[in-house]
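# Coordinates in review
Chain by chain, the residues run as shown.
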Amino acid sequence: GLTNEWNHYVGYCHRRGTFVSRINFKDLFTKKKSSGNESSSGEIVPFRVGEDFPIEKLGMEYDSSANCVFCFISLSCILCIDLLPQIPAFLKGYTDHFILVSDGTPEDNDEIAKYHEFHFPILSYAGSYDDLRIPFTPFSYFIDKNGKVIKGVHSTDTDSLFQLIT
């Protein structure tokens, strides 16, 4: 039931105070609760170094002119929402491509981009993150120009994002 879901959810996303902003992130959390992307049962094994990342599942044309960080978030994950304002600091030290992928609607993503003044792509992914071998959120993959995995990490802050690319 709900208690079991909440306990499982808390295992990945710890409660950390109240977040208040011009857009109501709490509403985004509650309406996305049913997506199931905030965590998994622990059976999902991330892609290993050198494996092909299924970029085609994201429904986008991959720009193979540079390596790319794909950062996966769930709008029902507090750690994911806490990561958002830290992304610009990471991007100051990272010059290749960066794409944020969320389980939100395009409208949700537009609100996030507007609020945080993001100027990088934000994709909506309606499928299960399990299909992309995302074991929990926030999780990021560093992908090379050929679409192969360089590294994957639980990306909760700028330090973990920098660990991804080094």
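Keep in mind it's a predicted model, so treat the numbers as computed, not measured.

### Here's the deal with the nonpolar core
Of all hydrophobic cores here, the largest spans 24 residues; its most connected members are L84, I87, F98, L100 and F118. Looking at this core, the elements that each hand over two or more residues are β1 (68-73), α3 (78-83), α4 (87-92), β2 (97-102), α5 (106-116) and α6 (158-165). Broken down by element, this core gets its largest block of residues, 4 residues, from α3. Once residues lying within four places of it in the same chain are set aside, the contact partners of I87 are F98, L100, F118 and F120.

### Re the pairing of strand β4 (residues 139-143)
Counting buried positions over the 5 residues of β4 gives 5, a clear majority of the element. Neither face of β4 is open: one carries F139, Y141 and I143, the other S140 and F142, and all of them are buried. In terms of strand pairing, β1 meets β4 through 5 bridges, oriented antiparallel. Along β4, the bridge assignment pairs C71 with S140.

The rules behind each value
- Residues numbered from 1 in each chain as written.
- Predicted model: local features only at pLDDT ≥ 70, side-chain atom pairs only at ≥ 80, totals over all residues.
- Heavy atoms only, no water.
- Core = buried A, V, L, I, M, F, W, Y, C linked by side-chain atoms within 4.5 Å.
- Buried < 20%, exposed > 50% of the residue type's maximum accessible area, 1.4 Å probe, protein only.
- Helix = DSSP H or I, 4+ residues; strand = E, 2+ residues; numbered from the N terminus.
- Contact = heavy atoms within 4.5 Å.
- Pairing = 2+ DSSP bridges.

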